[in-house]
Amino acid sequence: MIISSWNIRGLNKRYKQNELKAFFLNLNITLLGCLETRINPRSVNKVKIKFSKDWKKHLVEAISNNKRIWLFWKESMVQVHIHLATPQMLHYQVKEKGSNFSGYITFVYGKNKINERRDLWEQLRQIHSNMQEAWLVIGDFNNVLSVHDQLNGQPMHQTELVEFEDCIRDIGLGQLNRKGCQWSWCNKKDTIYCATESEGVYRAVQEVWNQRVQGHTMFSIWLKLQRLKDKTKHMNKEMSSLDKKIGQFREQLKNAQEELDEDPFNSQIIVKEKELLLQIEKWEGVNEQVLRQRSRAMWIKGDKVIDPVLIEQEFRGFFQTLLGIEATELPCIDIEIARDGHCITKEQQQLLNTRVTEEEIDRALKDLPNDKAPRIDRFPAEFFKAYWNVIGVEVKRAIQEFFYQWEITEKC
């Protein structure tokens, strides 16, 4: 049985969720306590469904409705019974199904203030007073036992050390042997942020959109999109090797962190680690978008039907399923009842005939989901949103011309 604790930040991001899932699978974790998840309450269910049904979850509520502690366990291997759940700890009994082992585990995530952690110390003492079996306490106490356990940061108050030491002594805990890096956490508060869009693609869009094209505005947009495809073809090779690129960044990050553990004050290695973390986050995000768009594109391809008879069958089948089979007779609408009902006013009729505004187009684009299946031009809504400041003026003009002139060029 493998038990793990991870003080994990950024779990709202998809790449971090995938990283957590890979951590489960690669290390064959049986029980995992995730601390400081800071999950947006609206995203909780989205994160939970990423894990198979074999994994059970228990979430501990905390301030601002964030889940401070998440417990995951593999139900096929262990049986878990929660005894106590507080904002600073999760205490439970675990029984391994493949053996006679039974014991207690407490995942801890201490609060930031000294006076708030005192509740945690007392809760641990109370648990110890009734403990008769094996007991593992693991997690992030937000406290150190010695001034030598911390580099930089706020200076430690003597009271913090003494109260933590007293608690450890009272409940008879001993430290497990350490393996790996000694300095395992850094807040990285001075990290800079990079642009999410590819700089190469942005330059290509600008260059193509600055070209002048004769003809209808919609034809101009269609032609520019075709030119943009040709101009960015070489980038597809880079995208096809994203997994390899991300793997290389992760290996470099591992090496940098090992060097940093040996030389914690080396400014060059500190900067290198931050840059690598940014690169991993950036390319994991790009990889997620590529995979999502590929799956959408494969779904939209399907089987093309060109036989008129088969097309008619498809239409009939679809609408019969939607509306039911044809009836021998249909009751007519009672005109008098219709006239007595709610009808649109003349002002509303005129409003329906007004010209489509740029604000309405902007709002319509904003409401489209980013991963909506790409249309015939193969560009998803996310592309238009990302480069709207470059292409938006011309696209809005084409849409307004279509509604005003009620025509579309043959090539489009």
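Look above for the structure.
In what follows, the accompanying structure is described. Computed from a predicted structure; not experimentally measured.

1. Things to note about the overall build of the protein chain
Right, so step 1: When helices and strands are tallied, the protein chain shows 15 helices and eight strands.
Right, so step 2: A sequence separation of at least 24 residues applies to 62% of the contacts in the protein chain between residues at least 6 apart.
Right, so step 3: For the protein chain, the computed accessible surface area is about 28,000 Å², with 51% contributed by carbon and sulfur atoms.

2. Some remarks on the sheet that holds strand S8 (residues 134–140)
Right, so step 1: Taken in spatial order, the four strands make up an open sheet running S5-S6-S7-S8, and their pairing is mixed. Among the strands making up the open sheet, the edge pair consists of strand S5 (78–86) and S8. Going across the sheet, the axis of each strand differs from the next one's by a mean of 20°, ignoring polarity.
Right, so step 2: In this structure, strand S7 (residues 102–109) lies alongside S8, joined through seven bridges in parallel fashion. Within the sheet, the bridge partner assigned to glycine 103 lies in S8 and is alanine 134.

3. Looking at the nonpolar core
General note: in soluble globular proteins, nonpolar side chains tend to be found buried as a group.
Right, so step 1: Core analysis: the largest hydrophobic core is formed by 19 residues, its most contacted members being Val205, Leu225, Leu228, Phe383, Phe384, Trp388 and Ile391.
Right, so step 2: Among the secondary structure elements, those contributing two or more residues to this core are helix H5 (199–209), helix H6 (217–231), helix H13 (358–367), helix H14 (381–386) and helix H15 (388–405).
Right, so step 3: A total of five residues in this core trace back to one element, the largest contributor, which is H5.
Right, so step 4: With sequence-adjacent residues up to four places away left out, isoleucine 391 is seen in contact with Val205, Trp209, Phe383 and Phe384.
Right, so step 5: If you look at the next biggest cluster of nonpolar residues, it comprises 15 residues, including Tyr104, Val108, Leu120 and Leu124.

4. Thoughts on the pairing of S7
Right, so step 1: The element S7 is extensively covered by neighbouring structure, given that seven of its eight residues are classed as buried.
Right, so step 2: Bridge count between strand S6 (residues 89–96) and S7: seven bridges; the pairing is antiparallel. Pairing of tyrosine 92 across the sheet is with isoleucine 105, part of S7.
Right, so step 3: Counting the residues between successive antiparallel strands, the hairpin from S6 to S7 contains five residues.

5. Concerning the pattern of salt bridges
Right, so step 1: On inspection of all chains with the given rule, the structure shows eight salt bridges.
Right, so step 2: We note a salt bridge from aspartate 166 to arginine 169, for which the minimum N-O separation is 2.9 Å. In this pair, aspartate 166 and arginine 169 are both assigned in helix H4 (residues 158–171), three residues apart and thus about one turn of the helix distant.
Right, so step 3: We classify aspartate 166 as partly exposed; its relative accessible area is 24%.
Right, so step 4: The exposure class of arginine 169 is exposed, given its relative accessible area of 56%.
Right, so step 5: One salt-bridge network, held together by shared partners, links Glu122, Arg125 and Asp170.

Cut-offs and rules
Position labels on residues start from 1 in each chain and follow its written sequence. With the structure being a predicted model, the display of local features is reserved for residues of pLDDT at least 70 and the display and counting of side-chain atom pairs for 80 or more, all residues being used for whole-chain, interface and lining totals. Hydrogens are left out, water is left out, and the side-chain values use all remaining heavy atoms of the structure. We count a stretch as a helix when DSSP gives it H or I for four or more residues in a row; a strand needs E for two or more, and each element gets its number in order from the N terminus. In this analysis, two residues are considered to be in contact whenever any of their non-hydrogen atoms come within 4.5 Å of each other. Residue exposure ignores everything except the shown protein chains as possible cover, and the areas themselves are Shrake-Rupley values with a 1.4 Å probe. The rule for pairing is simple: two strands pair if DSSP sees at least two bridges between them. Structural elements are reduced to axes, namely lines fitted to C-alpha atoms, with helices fitted over the stretch in contact, and the angle between N-to-C directions of any two is expressed from 0 to 180 degrees. Here, the term nonpolar core denotes a set of buried Ala, Val, Leu, Ile, Met, Phe, Trp, Tyr and Cys residues that are joined through side-chain atoms within 4.5 Å. Note on exposure labels: buried denotes an accessible area under 20% of the residue type's maximum, exposed denotes more than 50%, and partly exposed covers the range between, all computed with a 1.4 Å probe on protein chains only. Between Lys or Arg on one side and Asp or Glu on the other, a salt bridge is scored when a side-chain nitrogen of the former is within 4 Å of a carboxyl oxygen of the latter.

Coordinates in, geometry out; function isn't part of it.
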